[in-house]
Protein chains: 2
Amino acid sequence: MPRILIQNCDVLSVPDAATVEIQPARDILIDGAHIEAILPYGQADPGRFDETLQAEGLLAMPGLINTHAHTPMVLFRGLAEDVPLAAWFNEYIWPLENNLIEEDVYWGMTLGIAEMLRAGVTTVNDHYFHMHQAAKAVEDAGTRALLGWAVFSSGGTDLLEHSAAFVEDWQNAADGRIHTIIAPHAPYTCSDDFLRMCADLATSLNTGIHIHASENHEQTRISLAKNGKTPIQVLEATGILDRPTIVAHACGATPEDITLLAKCGASVAHCPKTYMKLAMDIAPVVDLRAAGVPVGIGTDGAVSNNTMNLWEVLRIMALAQKEITREAESLSLSETLYVATRGSAKALGMENEIGALEPGYLADIALIDLSGLHHQPVHNAAANLVYNMETADVRTVLVNGRVVMRDRQLLTINEREVVAYAAAARERLSRRLPEQRIQTYAP
Amino acid sequence: MPRILIQNCDVLSVPDAATVEIQPARDILIDGAHIEAILPYGQADPGRFDETLQAEGLLAMPGLINTHAHTPMVLFRGLAEDVPLAAWFNEYIWPLENNLIEEDVYWGMTLGIAEMLRAGVTTVNDHYFHMHQAAKAVEDAGTRALLGWAVFSSGGTDLLEHSAAFVEDWQNAADGRIHTIIAPHAPYTCSDDFLRMCADLATSLNTGIHIHASENHEQTRISLAKNGKTPIQVLEATGILDRPTIVAHACGATPEDITLLAKCGASVAHCPKTYMKLAMDIAPVVDLRAAGVPVGIGTDGAVSNNTMNLWEVLRIMALAQKEITREAESLSLSETLYVATRGSAKALGMENEIGALEPGYLADIALIDLSGLHHQPVHNAAANLVYNMETADVRTVLVNGRVVMRDRQLLTINEREVVAYAAAARERLSRRLPEQRIQTYAP
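Parameters and conventions
Residues numbered from 1 in each chain as written. Chains lettered and ligands numbered in written order. Predicted model: local features only at pLDDT ≥ 70, side-chain atom pairs only at ≥ 80, totals over all residues. Heavy atoms only, no water. Buried < 20%, exposed > 50% of the residue type's maximum accessible area, 1.4 Å probe, protein only. Helix = DSSP H or I, 4+ residues; strand = E, 2+ residues; numbered from the N terminus. Pairing = 2+ DSSP bridges. Salt bridge = Lys/Arg side-chain N within 4 Å of Asp/Glu carboxyl O. 1 Å grid on protein atoms, 1.4 Å probe; cavity = no way out; pocket = protein on both sides within 12 Å on 5 of 7 lines; lining within 4 Å. Points joined across faces, edges and corners; volume = space filled by probe spheres on them. Expected span 1.5 Å × (residues − 1). Bend = angle between axes of the 7 residues up to and from the residue. Contact = heavy atoms within 4.5 Å. Polar contact = N/O pair within 3.5 Å; in protein donor to acceptor, adjacent residues only side chain to side chain. pLDDT = per-residue confidence, 0-100. Domains from an automatic or database assignment. Buried area = accessible area lost by both parts, 1.4 Å probe. Core = buried A, V, L, I, M, F, W, Y, C linked by side-chain atoms within 4.5 Å. Phe/Tyr/Trp six-rings, centres within 6.5 Å; stacked < 30°, edge-to-face > 60°. Lys NZ or Arg CZ within 6 Å of the ring centre and 35° of its normal. Least-squares fit on C-alpha atoms with pLDDT ≥ 70 in both. Nonpolar A, V, L, I, M, F, W, Y, C, P; charged D, E, K, R; others polar.

Residue and element names in this part refer to chain B. Within strand β5 (residues 58-62), 5 of the 5 residues are buried, which leaves the element mostly enclosed by the surrounding structure. Bridge analysis of strand β1 (residues 4-16) against β5 gives 2 bridges, and the strand direction is parallel. Paired with Asp10 across the two strands is Leu59, which belongs to β5.

Another aspect to go through is the pattern of salt bridges. Within the structure shown, the criterion is met by 42 salt bridges over all chains. Across the salt bridge formed by Glu236 of chain A and Lys263 of chain A, the nearest N and O atoms sit 3.6 Å from each other. One end of the pair, Glu236 of chain A, is in helix α7 (residues 231-237); the other, Lys263 of chain A, is in helix α8 (residues 255-264), and 27 residues separate them in sequence. Linking Lys273 of chain B and Glu312 of chain B is a salt bridge whose minimum nitrogen-to-oxygen distance equals 2.7 Å. With Lys273 of chain B in helix α9 (residues 272-277) and Glu312 of chain B in helix α11 (residues 310-325), this residue pair connects regions lying 39 residues apart in the sequence. Of the two residues, Lys273 of chain B and Glu312 of chain B, both sit in the buried class. A single salt-bridge network, built from bridges that share partners, covers Arg3, Asp31, Glu36 and Arg48 of chain A.

Attention now goes to the layout of surface pockets. The computed volume of the largest pocket comes to approximately 1,000 Å³. Lining of the largest pocket is provided by 39 residues; of these, Arg118, Ala392 and Arg408 of chain A together with Ala392 and Arg408 of chain B occupy positions nearest its centre. For the lining of the largest pocket, the secondary structure elements donating two or more residues are α2 (102-118) and α14 (415-430) of chain A together with α2 (102-118) and α14 (415-430) of chain B. At 3 residues, the largest contribution of residues to the lining of the largest pocket is made by α14 of chain A.

As a further point, take the pairing of β1 of chain B. Residues and elements named next belong to chain B. Counting buried residues in β1 gives 10 out of 13 residues, a clear majority hidden from the surface. Pairing between β1 and strand β2 (residues 19-31): 8 bridges, direction antiparallel. Considered in β2, the bridge of Val11 is made with Gln23. Connecting the antiparallel pair β1 and β2 is a turn made up of 2 residues. As paired elements, β1 and strand β4 (residues 51-54) share 4 bridges and run parallel to each other. Its bridge partner lying in β4, Ile4 is registered against Glu51.

Glancing now at α14 of chain B. Residues and elements named next belong to chain B. The end-to-end C-alpha distance of α14 is 22 Å, a good match for the 22 Å that 16 residues give at a rise of 1.5 Å each. In α14, a bend of some 35 degrees at Ala424 exceeds every other bend along the element. Every buried residue of α14 is accounted for by Val418, Tyr421, Ala422, Ala425 and Leu429. Looking at the buried side of α14, the elements it contacts are α1 (85-96) and α2. Here α14 starts with a cap whose side-chain oxygen sits 3.2 Å from the backbone nitrogen of Arg416, and that cap is Asn414.

The next point concerns the confidence of the model for chain A. When pLDDT is averaged along chain A, the result is 97, and 100% of the positions lie at 70 or above. The ipTM value of the predicted complex is 0.97, and its pTM value is 0.98.

Before going further, it helps to examine α1 of chain B. All names here are of chain B. The element α1 is extensively covered by neighbouring structure, given that 9 of its 12 residues are classed as buried. Along α1, the residues that are buried comprise Leu85, Trp88, Phe89, Asn90, Tyr92, Ile93, Trp94, Pro95 and Leu96. Considering only its buried residues, α1 is in contact with α6 (217-227) and α14.

Residues and elements named next belong to chain A. Domain annotation of chain A identifies domain 1 (3-62 + 356-410) and domain 2 (67-347). Domain 1 and domain 2 are separated by 28 Å when their C-alpha centres are compared. Counting from both sides, the interface comprises 35 residues of domain 1 and, opposite them, 30 residues of domain 2. The contact between domain 1 and domain 2 buries some 2,700 Å² in all, and 63% of this surface belongs to carbon and sulfur atoms. For the domain 1 face of the interface with domain 2, the top three residues by lost area are Ala17, Val386 and Tyr387, together amounting to 23%. Counting the contacts that link domain 1 with domain 2 gives 2 salt bridges. For Asp364, the salt bridge goes to Arg144, with nearest N and O atoms at 2.7 Å. The tally of links from domain 1 across to domain 2 stands at 9 residue pairs in polar contact (both at pLDDT 80 or more). Breaking the side of domain 1 that touches domain 2 down by element, the ones donating at least two residues are β1 (4-16), β2 (19-31), β5 (58-62), β14 (365-369), α13 (381-387), β15 (394-399) and β16 (402-406). Top contributing element to the side of domain 1 that touches domain 2 by residue count: α13, with 5 residues.

With that settled, consider the side chain of Asn305 of chain B. For Asn305 of chain B, the position within the fold is in the loop between β13 (295-297) and α11. A polar atom in the side chain of Asn305 of chain B sits 2.8 Å from the backbone oxygen of Thr307 of chain B.

The next thing to look at is the environment of Gly298 of chain A. All names here are of chain A. Among the structural elements, Gly298 can be located in the loop between β13 (295-297) and α11 (310-325). In this structure Gly298 comes out as buried when scored by relative accessible area, which is 0%. Excluding its chain neighbours within four sequence positions, the residues that come into contact with Gly298 are Asn66, Thr67, His68, His270, Cys271, Leu310 and Val313.

This paragraph deals with the nonpolar core. Formed by 274 residues in total, the largest nonpolar core has its most connected members in Trp311, Ile368 and Leu385 of chain A together with Trp311, Ile368 and Leu385 of chain B. Filtering out sequence-adjacent residues up to four positions away, Leu385 of chain A remains in contact with Leu12, Leu59, Met61, Trp311, Leu314, Leu337, Ile368 and Leu370 of chain A.

Further remarks concern the packing of aromatic side chains. Within the structure shown, the criterion is met by 22 aromatic pairs over all chains. A centroid spacing of 6.3 Å and a plane angle of 65 degrees characterise the contact between Phe89 of chain A and Tyr188 of chain A, whose relative ring orientation is edge-to-face. In this pair, Phe89 of chain A is assigned in helix α1 (residues 85-97) and Tyr188 of chain A in the loop between β9 (178-184) and α5 (192-205), connecting sequence segments 99 residues apart. On the basis of relative accessible area, Phe89 of chain A is assigned to the buried category, the value being 5%. Between the aromatic rings of Trp149 of chain A and Phe166 of chain A, the centroid separation amounts to 6.2 Å while the plane-to-plane angle is 70 degrees, which identifies the pairing as edge-to-face. Remark: Phe166 of chain A occurs in helix α4 (residues 156-170) and Trp149 of chain A occurs in strand β8 (residues 144-151); sequence separation between them is 17 residues. The pair Trp149 of chain A / Phe166 of chain A is uniform in exposure class, with both members buried. Cluster of aromatic residues (ring-pair linked, three or more members): Trp88, Phe89, Trp94, Tyr128, Phe129, Phe152, Tyr188 and Tyr441 of chain A. One residue, Arg3 of chain B, lies across the ring of Phe49 of chain B, its end atom 4.9 Å from the ring centre. The ring of Tyr387 of chain A has Lys277 of chain B sitting right over it, with the charged end atom 4.6 Å from the ring centre.

All names here are of chain B. With respect to the helices, strands and loops of the structure, Pro15 is situated in strand β1. Each C-alpha atom, one on Pro15 and one on Tyr338, is 7.7 Å from the other, the two residues being 323 residues apart in sequence. Leave out the neighbours within four places in its chain, and Pro15 touches Tyr338 and Arg342.

Below, the discussion takes up the relation of the copies chain B and chain A. For the pair chain B and chain A, the superposition axis carries a translation of 0.0 Å, the fit reaches an RMSD of 0.0 Å, and the rotation angle comes to 180 degrees. Both copies are brought into coincidence by an operation consistent with a two-fold rotation axis. When the interface residues of chain B are mapped onto chain A, 100% of them are again interface residues, pointing to one common binding face.

The subject of this paragraph is the interface of chain B and chain A. Across the contact, 60 residues belong to chain B and 60 residues belong to chain A. Counting the surface lost from both chain B and chain A, the interface buries some 4,900 Å², and carbon and sulfur atoms represent 59% of this. Broken down residue by residue, the surface that chain B buries against chain A is led by Asp82, Leu373 and His379 of chain B, which jointly contribute 16%. Put simply, chain B and chain A have 6 salt bridges between them. A salt bridge links Asp281 of chain B to Arg326 of chain A; the nearest nitrogen and oxygen atoms lie 2.8 Å apart. In this structure, the connection of chain B to chain A is made through 29 residue pairs in polar contact (both at pLDDT 80 or more). Those elements that provide at least two residues to the side of chain B that touches chain A are α2, α9, α11, α13 (381-387) and α14 of chain B. Per element, the largest residue contribution to the side of chain B that touches chain A is 7 residues, and it comes from α11 of chain B. Tallied by class, residues from the side of chain B that touches chain A come to 29 nonpolar, 13 polar and 18 charged.

Structural data, given as structure tokens:
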């Protein structure tokens, strides 16, 4: 692989949740997929590198990490507006997904990855269907992903076999950029026995688990009434939490659930734009973090979040936590940036590989331009990153030591081709016959 | 003034809070400051016009209206992060404003207007100091504004005389683009007698009033304890509400306050990013609108909102109302777009002049490009406008029948000059001596 020198950038460092530092005028030396060194500007010999990126005036930071998404759903965005959760599933999403063909997943994944790259997002933890197509899209786009094939009890063991074959085919594929995971949908769509089978499968394949659970307090109440356990307790009882588990949402987590998640080492993926849009509960990020539960940020699918813009998500996380805790000090600038970088890496179990710019870390890097009028004057770059960023401020993106977007031009994705596919598929994908839904929401 | 033809655009129409229509392939005929006609594409003779704007594939909509701002505060953005309201005032804003010189207001206003134009915002209702400088900035930038000189009791009647002179100098200035208003700061910084003087002044000058009130429930409780009246009731008792009044925030409004605001014909400016950021209460937009109180959207100052991006504000309004009402149906796409257009115009008493694209309305127009990846596929343009917009999607902006931004190039503002001023002033403006504050927050 070519050796790349990023020359004379500033470098963002968020060593802990209380500290943001910007190291001025640095050279980032990249050897293959990894950062070799970060030196004061001028100490590296450009002659040793195959390519030099002039980055004066740009801020280098770790590529953002989307810890919970259904990326191919970008193809449905705008089709389920102003509806509550049960109708969102039963009248919109699950009928719409009946339209999905394998090819859609490749192109939807590619469209969503393109949108993410343009926002500086380099890794996604994705939970969807036909995931071999999603994996192929990630392979082609040159990005990083943790991929799980969504399974319901109603799909039976056939679907589990698909899921297992997917793991065997794609684990560590694409130069190690693709990792895989077992992805049961949720306790309310998977029986306890099915969850146990998923846990066993994850053990035998040595993977983690990515699951929705406790999406609001209503689910917690219903689960307690039905079987005397909260959704999080169901995850424990079925062996799910014995595996490294990423719980999407946990909005209805009780204090005991939080303690349980911490004890089991599970992490939580937080998607607050979705929660507000669907009038769900807001997950208690402050309490989760205080208990030691790793929290990462996610866009969820674009039929609730509408975009794949993770900058907006981190901002809404901070705003919503200040609001629900009634403390303007909650989710400070440094803590918000920590959650968006090292915190999200840790939520995926990748804290030694991504989420920071340091020697030995993978070279997943976004170069940010804070020269726009909406940032001026720059009294406080950390505030600009949390509250002012527009995706257009992301200039150049590297993944695994390779430039995938240069000065806002995507190098690995043909935008025109992707947009043409989406336009051609638009009408077919928007047909909606509620009786033909792929699943029913009845927690 | 030159006659302009906008050719072959789609036109957004939000006739009421339940309806969004997009008229495809229209020509917009502009005569002087006003829209003369909107015709199907091809019916207008380009030869009759001095200039033709090719707008195929663009969506024309009314320029956005910022109903509450302190625009020059962009110069302080990022200087008061993660602090609650009382500290925000006493330890940050009011000490920082001690640094302000007249020239800062001109350049801060110009910087903020530039940022607003780049986001498609064409009108601002501004409440600040040294407003003759702000007015000059509006005059030079070619935009529209309603301007009020902020006054406190502590400034005495001298400040009221300044304010009156400002109204006399600038009412209907700049080809009618500037209107003026009396702007007492708030019931907690203005005595009842001072508020009565402001109301009398507004009567004698025939202007409205723009005031902060009821910023959270704590202010309501303290006001009730101190003088048996809510802040809104204080506005009534002092004659303020006898004038056309724009109340910024009303987050602590009681049900009786809402009835009173409706009865008096007062409107509310809503700035939800500020409320969440400072952990204030969220104003009850749904209840206010149900009672018939006009509600408009605002950025407030950039030391709480961080940017002048009104797209983000309208989105957060919708999300926050869904969350606090626990109804995903609240602030639907059409209602949100209505509040952002006709609703915000009505909040400023300008509903027959701005906020809609119709013959006879002022030609304040934003041309929007929905071709970005983050909008694809476009199943639902209304959803894209509410939940997906980036300011970079705004291509071209007209105010008062004149092109002020063309394909993202500002034509009336020298960006380099503005940024240079902000950079040069940055350090001076960031010095902070709490004992030298211009005012004290003690509601």
